[in-house]
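# Results of the structural survey
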Amino acid sequence: NAETRLRDGTRISDLINHETREVKVRALSDPELYELEMERIFGKTWIFLGHETEIPNKGDFITRDMGSDAVIVARDRDGDIHVSLNVCPHRAMKVQTHDAGNTNVHMCIYHGWAFKPNGDFIGAPVEKECMHGHMTPKDQLGLKKARVALYGGLIFATWRIDGPSLEEFFGDAKYYFDTLFLRTKGGLEVLGPPQRFRINANWKTACEQSAADGFHTLTLHRWLAEVGPYAKKPDAEGKGADLSPEMYGCEVWTDQGHALRCIDLDRKIVRLTGKNPAELTAVEKLTALPPPGITPAMVPELLERFDDGQLQLMSWRPPQVGGFFPNGLFEFIYLPQPDGTIVGACALHAYIPKGPNQLEFMNWIFAEKDTPPELKARMLRQSVQMLGTSGMVEMEDSDTWPHQTEVAKGAMAKTITLKYQAKFDKGAPEGWPGPGHVGDGFTKDDTQWAWWKYWHELMTAE
Ligand code: FES
């Protein structure tokens, strides 16, 4: 709770200054805080684990992590998806040691206890002899079960069986998430298994950036305008491309730490159509520049599924980058190509804590099931080149996090603060259709500050 103190007497509440919007640098690396985060954050919130198209068949499973806990995500004989703690209730062996596979019996290799995909105990070898006199009833010998919710095929789970629903946890962000994850009847599908790699960094360095940090794009990813998709030859005045117009739009944040950067498309619409976007309808704009993975022929399906406000959002300032608390990031981005066309990329990341000094970066690449194969191939290539383990953008991002984690341990560094003081002075623009806290203009720090506020709320909750 609010009085929880670290071993040196520091209260968790004192790590954050709500008036000045600062967080002690110590929060980025402290091992004591890490242990508490696993219980108070990853033990309580909904955690993104994967997509149902990773386990399309009955008996399919994948193994994932909910914070520091290993879990099995499995589809049973009825097609339902279950999430169970991957720890044998006999002597704590990891029950399923494969990353993925297909089985209706998850058997522990140590002494052979066996479990169904839903975690129920099936039995043990030479059961009569081995279990004779066993004190725990068999129906209580199953794997510990998490509560599961599917949203647009995304698999989420939580240990809070009676806590808020996933929809309540999304809150106002759901209106925007729907425009990404519920666009077609066929739904999204993964384009292969997720990429995974380890980085020597605290999970929060990646996740507070995922809460829609836009400003770093101008500097850390400046190659985007120098030699990348936004590059152009210097004009008569010697000016090349400028990334700063891409920093404009709306940013949305919620009380649960979810964040979205809704980047303005008007300049791209002008380039593609030669027309003033204000004189085009939402349908005309969506047809000229469909969302990532959508073709002009698929636009009528969007009209069936979304209201006027969401269509306006998708054609004007769609959510392109953002995060779901605590450790998920989405990127549904529009990438200019050398031939003047724009190809979208759809990716989700999760940053899995692996100790106070390490995280596992997982990257899923998506398209709609109905996206034409040729476009899927282009999207896959774009996503791998930009957003994957060898992606130009993510290599840069993941170079900063280890440095932050390392220097945050310094005796003096621990005493200084992270600053989230760039603040929107304008709320939602006129005609903005969506809910939530909204800022209009050049990217600011409000989304990331909301992330830390919810971190603090959970870390100090009763
Ligand atoms: Fe799993 Fe003994 S630890 S059967």
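Residues numbered from 1 in each chain as written. Predicted model: local features only at pLDDT ≥ 70, side-chain atom pairs only at ≥ 80, totals over all residues. Heavy atoms only, no water.

### Looking at the domain arrangement of the protein
One frequently used descriptor of interface size is the decrease in accessible area upon assembly of the parts. According to the domain assignment, the protein consists of domain 1 (47-169) and domain 2 (185-264 + 317-459). Taking only C-alpha atoms into account, the centre of domain 1 sits 32 Å from that of domain 2. Listed by partner, the interface residues are 16 residues for domain 1 and 22 residues for domain 2. Carbon and sulfur atoms make up 64% of the surface buried where domain 1 meets domain 2, a total of about 1,400 Å² over both sides. Considering only the side of domain 1, the residues that lose the most area to domain 2 are F48, D65 and F169, jointly responsible for 41% of the buried surface there. For the interface between domain 1 and domain 2, the tally reads one salt bridge. (Domains from an automatic or database assignment. Contact = heavy atoms within 4.5 Å. Buried area = accessible area lost by both parts, 1.4 Å probe. Salt bridge = Lys/Arg side-chain N within 4 Å of Asp/Glu carboxyl O.)

### Details of the sheet that holds strand β2 (residues 22-24)
Paired through backbone hydrogen bonds, the strands of a sheet run either parallel or antiparallel to each other. Taking strand neighbours across the sheet as the criterion, the three strands line up as β1-β2-β21 in an open arrangement whose pairing is antiparallel. At either end of the open sheet lies a strand with only one pairing partner, and these are β1 (16-17) and β21 (417-419). Where β2 lies against β21, three bridges are found, and the strand directions are antiparallel. Bridge pairing links V23 to L418 in β21. (Pairing = 2+ DSSP bridges. Helix = DSSP H or I, 4+ residues; strand = E, 2+ residues; numbered from the N terminus.)

### Comments concerning the sheet that holds strand β8 (residues 106-107)
In space, the three strands of this open sheet follow the order β8-β9-β10, with antiparallel pairing throughout. In this open sheet, the two strands that pair with only one neighbour each are β8 and β10 (121-123). Of the strand pairs in this sheet, strand β9 (residues 114-115) and β10 are connected by two bridges, and their pairing is antiparallel. Directly across from F115, in β10, lies its bridge partner F121.

### Brief notes about a nonpolar patch on the surface
Together, V105, M107 and I122 give the surface a local cluster of nonpolar side chains, amounting to about 250 Å² of exposed area. With respect to the helices, strands and loops of the structure, V105 is situated in the loop between β7 (100-102) and β8. (Patch = residues over 30% accessible without salt bridge, like charges linked within 9 Å, V, L, I, M, F, W, Y side chains within 5 Å. Areas by Shrake-Rupley, 256 points an atom, 1.4 Å probe, with all protein chains shown as cover.)

### Focus on the side chain of T443
Within the secondary structure, T443 sits in the loop between β22 (437-442) and α14 (446-459). In this structure T443 comes out as buried when scored by relative accessible area, which is 6%. In terms of polar contacts, T443 uses its side chain to reach the side chain of E251, at 2.5 Å. Residues within four places of T443 in sequence aside, it is in contact with A212, G214, F215, M247, E251, R261 and F424. (Buried < 20%, exposed > 50% of the residue type's maximum accessible area, 1.4 Å probe, protein only. Polar contact = N/O pair within 3.5 Å; in protein donor to acceptor, adjacent residues only side chain to side chain.)

### What about the packing of aromatic side chains?
What the rule picks out here adds up to 33 aromatic pairs. Members of the aromatic cluster, joined through ring pairs, are F48, Y151, F156, F169, F170, F177, F181, F324, F330, F332 and W364. (Phe/Tyr/Trp six-rings, centres within 6.5 Å; stacked < 30°, edge-to-face > 60°.)

### Some points on the nonpolar core
Counting 105 residues, the largest nonpolar core has F181, W452 and W455 as its most contacted members. Per-element accounting of this core gives the leading share, eight residues, to strand β19 (residues 342-353). Taken domain by domain, this core gets at least three of its residues from each of domain 1 (47-169) and domain 2 (185-264 + 317-459). In this structure W455 touches L15, A27, L33, E37, I41, K204 and F325, once residues within four positions along its chain are discounted. In terms of nonpolar packing, the next biggest core, distinct from the first, is built from 13 residues, F61, A74, M131 and L143 among them. (Core = buried A, V, L, I, M, F, W, Y, C linked by side-chain atoms within 4.5 Å.)

### A word on the side chain of N86
On the secondary structure map, N86 appears in the loop between β6 (81-85) and β7. In contact with N86, not counting residues within four places along its chain, are T63, A70, V71, I72, M93, K94, V95 and Q96.

### Considerations on the packing of helix α5 (residues 203-210) against α14
For the pair α5 and α14, interaxial distance at closest approach is 8 Å and the crossing angle is 130°. With respect to each other, α5 and α14 are oriented oblique. Between α5 and α14, the contacting residues are W203, K204, C207, E208 and Q209 on the first element and Q448, W451, W452 and W455 on the second. Here the residues of the contact of α5 with α14 sort into five nonpolar, two polar and two charged. (Axes fitted to C-alpha atoms, helices over the stretch in contact; angles between N-to-C directions. Parallel < 35°, antiparallel > 145°, perpendicular 65-115°, else oblique. Nonpolar A, V, L, I, M, F, W, Y, C, P; charged D, E, K, R; others polar.)

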